[in-house]
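Here's the letter readout for the chains.
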Amino acid sequence: MIEVALFGAGRIGSIHAANLVRQPGVRLKYVADVNRAAAVELAVKHRAEVRTADAIFAEEAITAIVIASSTDTHADLVQRGAAAGKAIFCEKPLDLDLVRARTCAQAVGKAGVVCMIGFQRRFDPTFAALKARLAAGEIGEPEMLVVTSRDPGAPSIEYLGTSGGIFKDMLIHDFDIFRWILDDEALTLFATGSCLTDPAIASVGDIDSTAVTIRTRRGRIAQINTSRRAAYGYDQRFEVLGSKGMLQAGNHKPTEVFAHNAVNVSQDKPEHFFLERYRDAYANEMAHFFDALANGKPLQTTIHDGVKALELADAATHSWRERRAIEL
């Protein structure tokens, strides 16, 4: 039995809790959160107990931790988990500071513990199917990647003021998709952006609309366009152009029903937001984490991937602010 402690009883913590208790041979034993009422509610729901971080790290029976608390707690919890010899699942990003994220990676490497970063999009069935077909050579050598990532609306100004900015908060997933799909690294990156959806976002030093162009070490081109507002739903698409064709991964919709009449042909809008769009992906990534622990399988996303995505987010932030291309 793998006994697990969960840090964070908010929205994403609740999703992870529901998924991890479904795993065979896994027990959610403890929940920790600064909001004790939320921790108690989630613990009761899943027949767990509330404990402090100190108690969790001191208990040898806890062999794995899931970190779904606020970003500013991730680095400390990862390092404490590594020092205590716990297997670690950590939500993105590792930290908003690149130096601190690298320190986490060093701690994990020194301790020799398993550490997976929650880039759930790699576990989306559609995206994973495209990756498999690309790897099988269906479109030959990949040459260009175009990623579209648009939210239905921006978070609160209070949240955005502490988020680290759109490149670290939102695009970090798209940077991971870039590295995963092309199996390549960035050589140069240029990012630009504007406040087009809400002027208040500029008041906290952030933007809501971005375009990023990356040239890879192999000379490939990737373009990532993002927006905090898409009136029609959660827009998550990408396409890969190869030497022998193209592969596209489209949006998910609640149903695939098309309505035909004398005026138009219509279908459902895309899923509303990430919890709906990536419902299966969240379940699949948690299953993968515990399968890797139980059977010694390699992780699909590691702490190295977390650091590399943050490097790109950091470079994009500098590129936008300094209005220049960044060499990596």
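J.: Give a detailed account of the nonpolar core, specifying residues and quantitative values.
T.: If you look at the biggest cluster of nonpolar residues, it comprises 64 residues, and the most contacted ones within it are F167, F175 and F238. For F238, the contacting residues outside a window of four places in its chain are F127, L130, L145, V146, V147, I177, I181, L247, Q248 and A249. The next biggest cluster of nonpolar side chains, apart from the first, holds 29 residues, and it includes I65, C90, L94 and A101.

J.: Describe the packing of helix 1 (residues 11–20) against helix 11 (residues 279–295), with residues and values.
T.: Look at helix 1 against helix 11: their axes get within 9 Å of each other, and the N-to-C directions meet at 60°. On the basis of the axis angle, helix 1 is oblique to helix 11. Two packed elements cross with a definite hand, and for helix 1 against helix 11 that hand is right-handed. Only Y282, A283, E285, M286 and F290 of helix 11 make contact with helix 1, whose side of the interface consists of I12, I15, H16, N19 and L20. Classifying every residue of the contact of helix 1 with helix 11 by side-chain character gives seven nonpolar, two polar and one charged.

J.: Now, about the sheet that holds strand 6 (residues 115–118): what can you tell me, with residues and values included?
T.: The strand order across the open sheet built from six strands is 3-2-1-4-5-6, with neighbouring strands paired in parallel fashion. Each having just a single partner strand, strand 3 (49–50) and strand 6 make up the two edges of the open sheet.

J.: Residue-level account of a nonpolar patch on the surface, with values.
T.: A surface patch of nonpolar side chains, about 240 Å² in accessible area, is lined by M144, L241 and M246. Classification of M144 by relative accessible area gives partly exposed; the value is 31%.

J.: Kindly report on the pattern of salt bridges, identifying the contributing residues and their values.
T.: Tallied over the full model, the rule gives 25 salt bridges. A salt bridge links E322 to R324, with the nearest nitrogen and oxygen atoms 2.6 Å apart. If you follow the salt bridges from partner to partner, you end up with R122, D176, R179, E185 and D305 in one network.

J.: Could you give an account of the pairing of strand 5 (residues 87–91), naming the residues involved and the relevant values?
T.: Within strand 5, five of the five residues are buried, which leaves the element mostly enclosed by the surrounding structure. The alternating pattern of strand 5 places A87, F89 and E91 and I88 and C90 on opposite faces, both of which are buried. Here four bridges tie strand 4 (residues 62–67) to strand 5, and the two strands are oriented parallel to one another. What sits directly across from A64, in strand 5, is A87. The parallel pair strand 4 and strand 5, bridged by helix 4 (residues 71–83), forms a crossover whose chirality is right-handed. Bridging between strand 5 and strand 6 involves four bridges; their strand directions are parallel. Counted as the bridge partner of E91 is G118 from strand 6. With helix 5 (residues 98–111) bridging strand 5 and the parallel strand 6, this β-α-β connection has right-handed handedness.

Reading guide: rules and limits
- All chains use their own residue numbering, which begins from 1 and follows the written sequence.
- Whole-chain, interface and lining totals are the exception, using all residues; otherwise, since this is a predicted model, local features are given only for residues with pLDDT of at least 70 and side-chain atom pairs are given and counted only at 80 or more.
- Side-chain numbers come from the whole structure's heavy atoms, not from hydrogens or water.
- Nonpolar core, defined: a set of buried Ala, Val, Leu, Ile, Met, Phe, Trp, Tyr and Cys residues in which side-chain atoms within 4.5 Å join the residues together.
- Per-residue accessibility, obtained with a 1.4 Å probe over protein chains only, is compared with the maximum for each type, and a residue is labelled buried under 20%, exposed over 50%, and partly exposed between these values.
- We call two residues in contact whenever any of their non-hydrogen atoms come within 4.5 Å of each other.
- Note on definitions: angles span 0 to 180 degrees between N-to-C directions of axes, and those axes are lines fitted to C-alpha atoms, for helices only across the stretch in contact.
- Only DSSP runs of H or I with at least four residues qualify as helices, and only runs of E with at least two residues qualify as strands; both kinds are numbered from the N terminus onward.
- Any angle that falls under 35 degrees is termed roughly parallel, while one over 145 is termed roughly antiparallel, one within 65 to 115 roughly perpendicular, and all others oblique.
- Here a crossing is called left-handed whenever its near helix is offset anticlockwise from the far helix by less than a right angle, and right-handed whenever the offset is clockwise.
- Three classes are used: nonpolar for Ala, Val, Leu, Ile, Met, Phe, Trp, Tyr, Cys and Pro, charged for Asp, Glu, Lys and Arg, and polar for all others, with Gly counted as polar.
- Paired strands, as defined in this entry, are two strands with at least two bridges between them according to DSSP.
- Patches here: salt-bridge-free residues with over 30% relative accessible area, like charges joined within 9 Å, nonpolar side chains (Val, Leu, Ile, Met, Phe, Trp, Tyr) joined within 5 Å.
- Accessible surface is estimated by sampling points in the Shrake-Rupley manner with a 1.4 Å probe; for residues, cover comes only from the protein chains shown.
- Whenever Lys or Arg places a side-chain nitrogen within 4 Å of a carboxyl oxygen from Asp or Glu, that contact is recorded as a salt bridge.
- Look down the strands so they point away from you; if going from the first strand over the helix to the second traces a clockwise path, that crossover is right-handed.

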